[in-house]
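Descriptive structure summary
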Amino acid sequence: MNKKIMVSITGVFIICIMISCEKLLPPAPKDDEILDGPVEGLSSEEKIQFIAGDIAFNEEVFTAQNGLGPYFVATSCGSCHAGDGKGHPFSTLTRFGQSDSTGNSFMAYGGPQLQNRAIPGYTPEQIPAGATFSKFTPPANTGLGFLEALSDAQILANVDPFDSNGDGISGVANYVNAPAYFQSKPHHIIVAGKYIGRFGKKAAAIDLWHQTVNAYVQDMGVTSEYAPTEPGINGVMSPYGDNAPDPEVQSSTVQNLIFYLRTLKAPIQRNQDDSNVQSGKQIFSNIGCAKCHTPEWTTQQWPISALAYKTFYPYTDLLLHDMGASLDDGYTEGKALTSEWKTPPLWGLGLSKNSQGGTYFLLHDGRAQSIEQAISFHGGEAQTSNNNYQALSAGEKENLIKFLESL
Amino acid sequence: MKQTFLYNLHNMKKAILLILLFLNLIGYSQTDSSFIKRIQTDTSNMKLNMDAVYNRPFLQMGKLPVSIGGYIEANSSYFGTDGVTEGLSFQIPRMTIFISSTIKKRIKFLSEIELEEGGKEIAIEFASMDIELHPLFNLRGGVVMNPIGGFNQNHDGPKWEFISRPISSTTIIPSTWSNVGFGIFGKYGRNNLVWAYEFYATNGFDDKIIANDQNRTWLPESKKNKERFEESFNGEPLYTAKTALRHRKIGEIGFSWMGGIYNKFMDDGIELDKKRRIDLFAIDFNTTIPVIKTTINGEWVWASLDIPTTYTQQFGDKLQGGFVDIVQPIIRRKILGWENATINIAARLEYADYNVGTFRENGENISDHIYAVVPGLSFRPSPQTVIRLNYRYHWQTDLLGNPAARTAGIQFGFSTYF
């Protein structure tokens, strides 16, 4: 081949790479625009485990060959929590049970979760006659490690079952039975053999381990050492299995995934210095939103040092509140009554649309398509602050929304 | 059987031996050009996409009834997605060898063996025997390339100005898609027109196309099932039919269809499910605008599958996509001693939607699609060799329609017949 040509083409190529390539490549989105990414201060061992968990969460897709189903709701964690963010009607799941809190009497009928999809050749589960149900739109998964690191004593400090301060708000903790594999930590306070739940819309999962094992088996039909049997359906407790050998996910993968959830960074607030945002923040506490959506927490001693003694801003008290008739689906979980929902964290709220396909699907079942709508649904203990919100001037409302969108 | 022998040649040693032997021959041809002569490709402008397997530069050795050819590709690329770059990497995506022989005057055998990614995989892309009975009626059997779209049969690297194969032609039509089977083909030509058809029954897809780690309907998944060269997944043939028409001055248009059953509806004589179909329909076209010599080459494909409604919409039941390549020669003359050299500028626009439809839950559009634009520059010292520089930019949107992941990169490489 002719030397000159070779040299010039190679030259062009190298120059291209040296000078322009980086410019020709799409830039990285700013850290505060995405939810994915580790907390600061992880050791290199921890980073390795984080990456392994990231793969298990975002890339591991289950099929009938490697354990999906036979009854399931979705095929991977990432299908429901895209970019670690909130979900969509497509990934919304259904739980069924009953309206009193004596425990789910439909467990023998495949409760609590409806596996509404099935691998080919299998018929999905139906909600049994007489059961009540509620829909759950996936929440975001960020910053959960900080919430897990809070001690039960810290959470219980805000409980006010008899509304002794007379503000109309009486947050309570959900108490749930621990699964067999559960490992109690010194920061847990056990009441009558039950533990405080803090994950899930009704706070039915005690920690991220509990949540993850349930997600594998209930959402995807993937068995693990911790939950070794496929979810029951239609009154059959150990239904037809698939042909994948159990456990369908290795314990090490489950542990990596839990570590990933624990060390996902907290969403970073945007436009903090904007005066409208700052005034919105003031309004947020003035009208009583912050009574449930507790802005600030600080962790104490904790095994993952990157999470210990850290102040963070989730805007939740992790407690259950009676949200009134319009959010009452007639379905209970643990001690959580039909109208009771855990205050969801509001961090990352402004980024929700980026994982929900461009529109908001807020509240437990995604029924609210805007922040304003979500506020309007606030009843029960939140009725007063809803009324306060409705009484704001247009400009004040706008600032409040700007603040919420900056989260 | 010859085909099975060739297929079983997964043994690396044998392949290396073959390559060495072949390279020797080429070396030999350079010293004694009277023994080995190059069979030029037909440039009469009457060849169709479906003729591509035979219309390649072959080397003929003396009076031996065997001719041999092949091509190799080598690239380097520098890509990044949303600010995360994978750095610079080098690839030999494929090296292909083809051998054709005339067994009897009207019985031909042709095989194409591909070594992918530096020998990581060896595949028989084509290995079939043609028996000519009448121009309008010929038999072909063995490992055939299903004639769906234009690219699948006309995929040789040196023919294209772009380093990456078209997205829709590799992920909706899983090029190179070949299977064991039999069929008929024929051709009729008159004046400036040629018309041709092909029809094959082969082994085909399996249910992994809707159960794979791509988390979307992914037809290439069936290529992983090498068993398909030995037995059908479900005992149902995949039919492929194509008809194409070419006018010497206007161009070519092809219509093709491929369809069959992809699921295992029966096992051990026990019925498990109903038969579920997959059908693909494709249009391919190419033309050269007179005077300015711009070539336009493209393909469009639609696929539809019968997927149980109780499964998940993660796996699309309708797919579509296509590409258009526009190649404009800007210099065509003797360059630095190469007689027939050309420099082209080119652009490819491409698109693939893996899930056409709406969510059952709320009636909103399902996304899961990708768009790409690829401007490029190529230098062809001779028609058989291309040195190419491409810049690629693509936008990939997930199922829910969230902000697209943007990927871009520079690719540089060559592809040549040898």
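Residues numbered from 1 in each chain as written. Chains lettered and ligands numbered in written order. Predicted model: local features only at pLDDT ≥ 70, side-chain atom pairs only at ≥ 80, totals over all residues. Heavy atoms only, no water.

What follows is about the overall build of chain B. Looking only at helices and strands, one finds 3 helices and 21 strands in chain B. Burial analysis of chain B (418 residues in total) assigns 54% to the buried set. The long-range fraction of contacts in chain B, counting pairs at least 24 apart against all pairs at least 6 apart in sequence, stands at 61%. Summed over its atoms, the accessible surface of chain B is roughly 18,200 Å², and 61% of this surface lies on carbon and sulfur atoms. (Helix = DSSP H or I, 4+ residues; strand = E, 2+ residues; numbered from the N terminus. Buried < 20%, exposed > 50% of the residue type's maximum accessible area, 1.4 Å probe, protein only. Contact = heavy atoms within 4.5 Å. Areas by Shrake-Rupley, 256 points an atom, 1.4 Å probe, with all protein chains shown as cover.)

It is worth spelling out the overall build of chain A at this point. Each helix and strand counted, chain A has 11 helices and 10 strands in total. Scaling as 2.2 N^0.38, a compact globule of 407 residues should have a C-alpha radius of gyration of about 22 Å, and chain A matches this with 23 Å. Taken along its principal axes, the extent of the C-alpha atoms in chain A is 85 × 60 × 40 Å. The buried share of chain A, reckoned over its 407 residues, is 55%. Residue pairs in contact within chain A that sit at least 24 positions apart in sequence constitute 69% of those at least 6 positions apart. Of the roughly 17,000 Å² of accessible surface on chain A, 55% is carried by carbon and sulfur atoms. Seen as two clouds, the 26 positive and the 41 negative side-chain charges of chain A have centres 6 Å apart. (Rg over C-alpha atoms; globule rule 2.2 N^0.38 Å. Lys, Arg positive; Asp, Glu negative; His and termini not counted. Charge placed at Lys NZ, Arg CZ, Asp CG, Glu CD.)

Two packed helices can be described by the angle between their axes and the distance between those axes. Residue and element names in this part refer to chain A. Two elements in contact, helix H8 (residues 275–286) and helix H11 (residues 394–406), have axes separated by 7 Å at closest approach and are oriented at 100 degrees. Between H8 and H11, the angle is such that the two are roughly perpendicular. Residues Asn276, Val277, Ser279, Gly280, Lys281, Ile283 and Phe284 of H8 pack against Glu396, Asn399, Leu400, Lys402, Phe403, Leu404 and Ser406 of H11. Within the contact of H8 with H11, the residues separate by chemical class into 6 nonpolar, 5 polar and 3 charged. (Axes fitted to C-alpha atoms, helices over the stretch in contact; angles between N-to-C directions. Parallel < 35°, antiparallel > 145°, perpendicular 65-115°, else oblique. Nonpolar A, V, L, I, M, F, W, Y, C, P; charged D, E, K, R; others polar.)

One pass over the structure, following the stated rule, counts 36 aromatic pairs over all chains. Between Phe98 of chain B and Tyr417 of chain B, the aromatic rings sit 6.3 Å apart at their centres with planes inclined by 65 degrees, giving edge-to-face as the arrangement. Taken together, the positions of Phe98 of chain B in strand E5 (residues 94–104) and Tyr417 of chain B in strand E21 (residues 405–417) put the pair 319 residues apart, joining distant regions of the chain. Side by side, Phe98 of chain B and Tyr417 of chain B carry an identical accessibility label, which is buried. Their ring planes at 50 degrees and their centres at 5.7 Å tell us that Trp218 of chain B and Tyr354 of chain B sit as a pair that is tilted. Separated by 136 residues along the polypeptide, Trp218 of chain B in the loop between strand E10 (193–202) and strand E11 (238–247) and Tyr354 of chain B in the loop between strand E18 (338–353) and strand E19 (369–382) bring together distant segments of the chain. Note on accessibility: Trp218 of chain B and Tyr354 of chain B belong to one class, buried. When the ring centre of Phe136 of chain A is taken as origin, the NZ or CZ atom of Arg95 of chain A, which lies over that ring, is 4.6 Å away. A cation over a ring is seen here: Lys202 of chain A above Trp341 of chain A, with NZ or CZ 3.9 Å from the ring centre. (Phe/Tyr/Trp six-rings, centres within 6.5 Å; stacked < 30°, edge-to-face > 60°. Lys NZ or Arg CZ within 6 Å of the ring centre and 35° of its normal.)

Time to look at the interface of chain B and chain A. Reports often express the size of an interface as the amount of accessible area lost when the parts come together. If you look at the interface, chain B gives 45 residues, while chain A gives 42 residues. Summing the contributions of chain B and of chain A, the shared interface buries around 3,500 Å²; its carbon and sulfur component is 70%. The shortest N-O distance in the salt bridge between Arg117 of chain A and Glu361 of chain B comes to 2.9 Å. One can count 9 residue pairs in polar contact (both at pLDDT 80 or more) joining chain B with chain A. Counting only elements with at least two residues in the side of chain B that touches chain A, the list comes to strand E3 (66–81), strand E4 (84–91), strand E20 (385–397) and E21 of chain B. Among the elements that take part in the side of chain B that touches chain A, E21 of chain B stands out by supplying 6 residues, more than any other. (Buried area = accessible area lost by both parts, 1.4 Å probe. Salt bridge = Lys/Arg side-chain N within 4 Å of Asp/Glu carboxyl O. Polar contact = N/O pair within 3.5 Å; in protein donor to acceptor, adjacent residues only side chain to side chain.)

This part is about the pairing of E18 of chain B. It is a general feature of regular strands that their side chains alternate between the two faces of the sheet. Residue and element names in this part refer to chain B. Examined bridge by bridge, strand E17 (residues 318–335) and E18 share 14 bridges and lie antiparallel to one another. Across the sheet, residue Ile326 finds its bridge partner in E18, namely Ala347. In this structure, E18 lies alongside E19, joined through 12 bridges in antiparallel fashion. Bridging across to E19, Asn344 finds its partner in Ser378. (Pairing = 2+ DSSP bridges.)

On to the nonpolar core, then. If you look at the biggest cluster of nonpolar residues, it comprises 78 residues, and the most contacted ones within it are Tyr216 of chain A together with Phe205 and Leu280 of chain B. Put simply, the parts of the chain that give this core at least two residues each are helix H2 (44–58), helix H4 (144–149), helix H6 (208–220) and helix H7 (251–263) of chain A together with strand E15 (277–288), strand E16 (295–305) and E19 of chain B. With sequence-adjacent residues up to four places away left out, Phe205 of chain B is seen in contact with Pro174, Trp177, Leu219, Ser222, Phe233, Leu238, Met258, Ile261, Tyr262, Ile278 and Leu280 of chain B. Counting 22 residues, the second-largest nonpolar core is a separate cluster that includes Phe284, Leu362, Ala368 and Phe403 of chain A. (Core = buried A, V, L, I, M, F, W, Y, C linked by side-chain atoms within 4.5 Å.)

The subject of this paragraph is the confidence of the model for chain B. Residues and elements named next belong to chain B. In this model, chain B carries an average pLDDT of 88, and 90% of its residues clear a pLDDT of 70 or more. Contacts of residues 1–21 to residues separated by more than four positions or lying in other chains number 25 contacts, the stretch itself having pLDDT below 50. Contacts of residues 23–33 to residues separated by more than four positions or lying in other chains number 7 contacts, the stretch itself having pLDDT below 50. Model confidence for the complex: the whole-complex pTM is 0.91, and ipTM, which rates the interface, is 0.90. (pLDDT = per-residue confidence, 0-100.)

To continue, consider the environment of Gly111 of chain A. All names here are of chain A. Residue placement: Gly111 occurs in the loop between strand E2 (93–97) and strand E3 (117–118). A relative accessible area of 9% means that Gly111 is categorised as buried. Measuring from C-alpha to C-alpha, the distance between Gly111 and Met237 comes to 9.6 Å, with 126 residues separating the pair along the chain. For Gly111, the contacting residues outside a window of four places in its chain are Phe96, Phe106 and Glu125.

Here we come to the pattern of salt bridges. Using the criterion set out here, one finds 32 salt bridges over all chains in the structure. Arg95 of chain A is the salt-bridge partner of Glu333 of chain A, the closest N and O atoms lying 2.9 Å from each other. Taken together, the residues span a long stretch of sequence, with Glu333 of chain A in the loop between strand E9 (320–322) and strand E10 (340–342) and Arg95 of chain A in strand E2 at a distance of 238 residues. Just as Glu333 of chain A is buried, Arg95 of chain A falls in that class too. The residue Glu161 of chain B makes a salt bridge to Arg380 of chain B at a minimum N-O spacing of 2.6 Å. Of the two residues, Glu161 of chain B is situated in the loop between strand E8 (137–145) and helix H3 (167–171) and Arg380 of chain B in strand E19; the sequence distance between them amounts to 219 residues.

A word on the side chain of Ser79 of chain A. On the secondary structure map, Ser79 of chain A appears in helix H3 (residues 77–80). We classify Ser79 of chain A as buried; its relative accessible area is 11%. In this structure the side chain of Ser79 of chain A is engaged in a polar contact, spanning 2.7 Å, whose partner is the side chain of Ser76 of chain A. Side-chain polar atoms of Ser79 of chain A contact the side chain of Asn215 of chain B, separated by 3.1 Å.

Further remarks concern the state of the cysteines. Here, disulfide denotes a covalent bond that connects the sulfur atoms of two cysteines. Residue and element names in this part refer to chain A. Within this structure, the stated rule accounts for 0 disulfides over all chains. In this structure Cys77 is not part of a disulfide, and its nearest cysteine sulfur, from Cys80, lies 8.4 Å away. Of the cysteine sulfurs around Cys289, a residue in no disulfide, the closest is that of Cys292, at 8.9 Å. (Disulfide = S-S within 2.5 Å.)

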